[in-house]
Amino acid sequence: MAGNQVEHVSELGKYITIANQQVTWERTIKKSRFIVSMTRVSNEEEAKEFIESINVKHRKATHNVWAYMLGNRNEVQRYSDNGEPAGTAGVPMLEVLKNNAIRDIAVVVTRYFGGIKLGAGGLVRAYAGTVVGGVEDCGLIERIQRHEVSLKVSYSQYESLAYWLKKHDHEILDTDYTADVIIKVAIADDDMMTFKAAVIDELAGQVEIVVGGIDWFEVPYPQRVSAKTETLK
């Protein structure tokens, strides 16, 4: 097993990861099957358990190459070429995660050799490209720490508030229709004072604002995934 550390700082309170908890995607390159399996993880133990589960599932495969990246500042970065020529498999997989700032994830690319050698450059493209294909298939989300804020308004003000929120790119998490209407949104701690003042001003004070605790929220992250590595720029 090999490993490395890089100076790649993620902003605390937010990070990018895959949209689904677990993903499988497959393609064939010159008669070799490349199957990427990905999962979200929160620690190394989970990453290692996932890798072992794929090793068992694909125990007859030629290679089960893996990489994972964890931590608020991507402190944990590990990979294995699993028998492929050094630097042609696990490294480019890790670089795809690193270059696209995807974290708290474990990835295994399983290869069933089809009889045609790909060469060093071909292997790098195959392993990096398979990870990219799997990520693009499932999509990315941004996990952000936000306060859940409840905005209680009358029915007559509901449409106006909903329009204002959409106009200012505040995603509505939920809407409760009771005696009044309660709209829930996620707001960053640093933006709270400005947000509250703007809502009060927009509704001429006719709103009740309740700020909840901080939690993680997931929002779509429409980023094109890059397959660039140190070998193939």
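Every value quoted in this text rests on a predicted model; they were computed, and no experiment measured them. (Residues numbered from 1 in each chain as written. Predicted model: local features only at pLDDT ≥ 70, side-chain atom pairs only at ≥ 80, totals over all residues. Heavy atoms only, no water.)

## Notes on the side chain of T88
Relative to the elements of secondary structure, T88 occurs in the loop between β6 (76-80) and α2 (90-99). Residue T88 is classed as buried on the basis of its relative accessible area of 5%. (Helix = DSSP H or I, 4+ residues; strand = E, 2+ residues; numbered from the N terminus. Buried < 20%, exposed > 50% of the residue type's maximum accessible area, 1.4 Å probe, protein only.)

## Looking at helix α1 (residues 44-57)
An ideal rise of 1.5 Å per residue puts 20 Å on 14 residues; α1 measures up with 20 Å between its terminal C-alpha atoms. Taken as a whole, α1 has its buried residues at A47, F50, I51 and I54. The buried side chains of α1 occupy one side of the element, clustering within an arc of 100 degrees when seen end-on. The elements touched by buried residues of α1 are β3 (22-29), β4 (32-40), β5 (63-70) and β7 (105-112). Where α1 begins, the side chain of N43 points an oxygen toward the backbone nitrogen of E45, at a separation of 3.2 Å. (Expected span 1.5 Å × (residues − 1). Arc of directions from axis to C-beta. Contact = heavy atoms within 4.5 Å. Polar contact = N/O pair within 3.5 Å; in protein donor to acceptor, adjacent residues only side chain to side chain.)

## Brief notes about the pairing of β3
Where β3 lies against β4, eight bridges are found, and the strand directions are antiparallel. Note that in β4 the partner of T28 across the bridge is R33. The turn linking β3 back onto β4 is made up of two residues, and K30 within it adopts a positive phi angle of 45 degrees. (Pairing = 2+ DSSP bridges.)

## Details of the UniProt feature "domain: UPF0029" (unreviewed entry) in the chain
Residues given the UniProt feature "domain: UPF0029" (unreviewed entry) here are residues 151-206. The span residues 151-206 shows a helical share of 43% and a strand share of 29%, and its end C-alpha atoms are spaced 10 Å apart. (UniProt positions renumbered as here; feature names shortened; annotations may be inferred.)

## Quick notes on α2
Judged by how many residues are buried, α2 sits mostly within the fold: eight of 10 residues are covered. Buried residues of α2: G90, P92, M93, L94, E95, V96, L97 and K98, and no others. Next to the buried residues of α2 lie β5, β6, β7 and α3 (119-138). Remark: A101 follows α2 within two positions and exhibits a positive phi of approximately 55 degrees.

## Observations concerning the domain arrangement of the chain
The assigned domain composition of the chain is domain 1 (14-141) and domain 2 (145-221). Each of domain 1 and domain 2 was reduced to a C-alpha centroid, and the two centroids are 39 Å apart. Contacts between domain 1 and domain 2 engage six residues on the former and five residues on the latter. Summing both sides of the interface, domain 1 and domain 2 together bury roughly 540 Å²; the carbon and sulfur share of this comes to 62%. Summed over the shared surface of domain 1 and domain 2, the number is one salt bridge. (Domains from an automatic or database assignment. Buried area = accessible area lost by both parts, 1.4 Å probe. Salt bridge = Lys/Arg side-chain N within 4 Å of Asp/Glu carboxyl O.)

## Describing the side chain of S32
Tracing the backbone through its elements, the reader meets S32 in strand β4. Non-local contacts of S32, meaning those with residues more than four positions away in its chain, are made with R27, R111, Y112, F113 and G114.

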